[in-house]
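Below are the chains, spelled out letter by letter.
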Amino acid sequence: MIRTTLTALALIAPAAALAQDGSTLRGTGDLGVVIERATGSVLVVDQSDRAALCRVEGLGDLSHASLTFSPDERYAYVFGRDGGLSKVDILACTLENRIIQAGNSIGGAISDDGRLIAVSNYEPGGVNVFDADTLAPVAEIPMGSKTVGLADVPGSRFIVATWDDGEAWLLDHSADPANPQITRIPDVGANPYDALLTSDGRTYIVGLFGEKGLTTIDLWADPPAVRRILPDYGKNEPDLPVYKMPHLQGWTLAGATYALPAVGLHQVLWADAASGQEIGRTDVAGQPVFVTARPDGRELWVNFAPPDNGKVQVIDSMTHEVKQTLEPGRGVLHMEFTPRGREVWMSARDDDRVVIYDSRTYEKLGEIEAKAPSGIFFTARAHRTGL
């Protein structure tokens, strides 16, 4: 009886839900955005169909672009290298707004309430903050330095590192968005080049280019507590030429262990999360750029700087050994797992395609044509702190 009733309902139900204007309704949870760096455009993609839905153009210089999503997953805020901030409606496939907010920007973040967009800048430096709805300016915070590693912190706050001064600034916009309360955290280290915030919002990890090691900042402490970790890695070894700076956004926390890309070395570093002490290294095929964990933390996927950027290696998080080497295409710039980790999507820039692999069998499942793709971002990021 139940089966008969369900069958009858299926026969009378419409093939797809329709809006009042007759257009097809679509959810956003299965969507993603691919940066097309050479053409100033983005490609909106569907994970389930493994297909491109549309292309949005006119976003300027995307040679080192990143993006973040609104809490409802409808809008992507794209941060361009030319100082551009673009608001893209991924459902309507339109460029809703675009401003030039600085001369050279390096990334951005959205506040946890979805109301503020912050952008970190190389030129003229500092951080600019905008209204998420209108992109109207809210606050301009000069810092006298290039800024890197901008991340959202719970409570309408942001944190960023300063390249020139070796500091971190914690910006609290909760009381007055236009006049944030500023906490300056000194002695972070020489020339921070990137940073990340752990998913619980507690620990800000800063990578250093001007000296060995990394710095962690405990934001739950009052005042925030600075600690150096991995101070001796590569201390007695000559550095290799650095062809591309690694990204700390590709770090992973596997159990109680951090895995991080080493600057100037063909290694992935392992550190105890509690003590910060080095507990091992894994030799890999080249200089790692992203060390990206499968969502369950069981494996790490690593891509590399030139001349090894056609390879991707898979590391077992328990044994710390390389278990698989893949060659998905030429110029693999980025990797993104689907939210539950069943698939991994990789951008092969020099082949003009995104390639899709099963993350357990390592079988290639499909590919999508794209114009010099780089960053791949799925909308599940909208609900994760620090992204």
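Under an unreviewed UniProt entry, the chain has the name Protein NirF and belongs to Paracoccus solventivorans.

> Got a minute to help me understand the sheet that holds strand 5 (residues 75–79) in this structure?
Backbone-to-backbone hydrogen bonds join strands into a sheet, with any given pair of strands oriented parallel or antiparallel. Across the sheet, which stays open at both edges, the 4 strands sit in the order 4-5-6-7 with antiparallel pairing between neighbours. Here the strands that pair on one side only, and so sit at the sheet edges, are strand 4 (66–69) and strand 7 (94–100). Neighbour-to-neighbour, the strand axes of the sheet open up by a mean angle of 20 degrees, direction not taken into account. The pairing of strand 6 (residues 84–89) with strand 7 spans 6 bridges and is classified as antiparallel.

> Any chance you could explain the environment of Ile-117 here in plain terms?
Mapping Ile-117 onto the fold places it in strand 9 (residues 116–123). Of the residues examined, Ile-117 reaches a relative accessible area of 0% and is grouped as buried. Along the backbone, Ile-117 and Thr-68 are 49 residues apart, and their C-alpha atoms lie at a distance of 9.1 Å.

> Is there a simple way to think about the pairing of strand 9 in this case?
The two faces of a sheet get side chains in turn, since along a regular strand they alternate between them. For strand 9, a buried count of 6 out of 8 residues is recorded, marking the element as mostly surrounded by other parts of the structure. In this sheet, strand 9 lies alongside strand 8 (residues 104–110) in antiparallel orientation, the contact comprising 6 bridges. Following the sheet pairing, Gly-108 is matched in strand 9 by Val-119. With antiparallel pairing between neighbouring strands as the criterion, strand 8 and strand 9 make up a hairpin whose turn holds 5 residues, including Gly-114 at a positive phi of roughly 75 degrees. Remark: 3 residues form the turn of the hairpin made by strand 9 and strand 10 (residues 127–131), two consecutive strands paired antiparallel; Gly-125 in that turn has positive phi of roughly 95 degrees.

> Even after reading the chapter, I still don't get the environment of Lys-146, so can you show me in this structure?
Mapped onto the secondary structure, Lys-146 falls in the loop between strand 11 (137–141) and strand 12 (147–153). Using a relative accessible area of 36% as the deciding quantity, one classes Lys-146 as partly exposed. Separated by 24 residues in the primary sequence, Lys-146 and Tyr-122 place their C-alpha atoms 4.3 Å from one another. Once you skip the residues sitting within four places of it in the chain, Lys-146 turns out to touch Asn-121, Tyr-122, Gly-125, Ala-161, Thr-162, Trp-163 and Asp-164.

> Any chance you could explain the nonpolar core here in plain terms?
Burial of nonpolar side chains together is a common tendency in soluble globular proteins. Ile-35, Leu-67 and Ile-90 are the most contacted members of the largest nonpolar core, which has 17 residues in total. Mapped by element, the contributors of at least two residues to this core are strand 1 (31–36), strand 2 (41–46), strand 3 (51–56), strand 4 and strand 5. Tallying contributions element by element places strand 1 first for this core, with 3 residues. When sequence neighbours within four positions are dropped, the list of residues in contact with Ile-35 reads Ser-41, Val-42, Leu-62, Ala-65, Leu-67, Val-78, Ala-372, Pro-373, Ser-374, Gly-375 and Phe-377. Counting 16 residues, the second largest nonpolar core, distinct from the first, contains Ala-151, Ala-161, Leu-208 and Leu-219.

The rules behind each value
- Residues numbered from 1 in each chain as written.
- Predicted model: local features only at pLDDT ≥ 70, side-chain atom pairs only at ≥ 80, totals over all residues.
- Heavy atoms only, no water.
- Pairing = 2+ DSSP bridges.
- Helix = DSSP H or I, 4+ residues; strand = E, 2+ residues; numbered from the N terminus.
- Axes fitted to C-alpha atoms, helices over the stretch in contact; angles between N-to-C directions.
- Buried < 20%, exposed > 50% of the residue type's maximum accessible area, 1.4 Å probe, protein only.
- Contact = heavy atoms within 4.5 Å.
- Core = buried A, V, L, I, M, F, W, Y, C linked by side-chain atoms within 4.5 Å.

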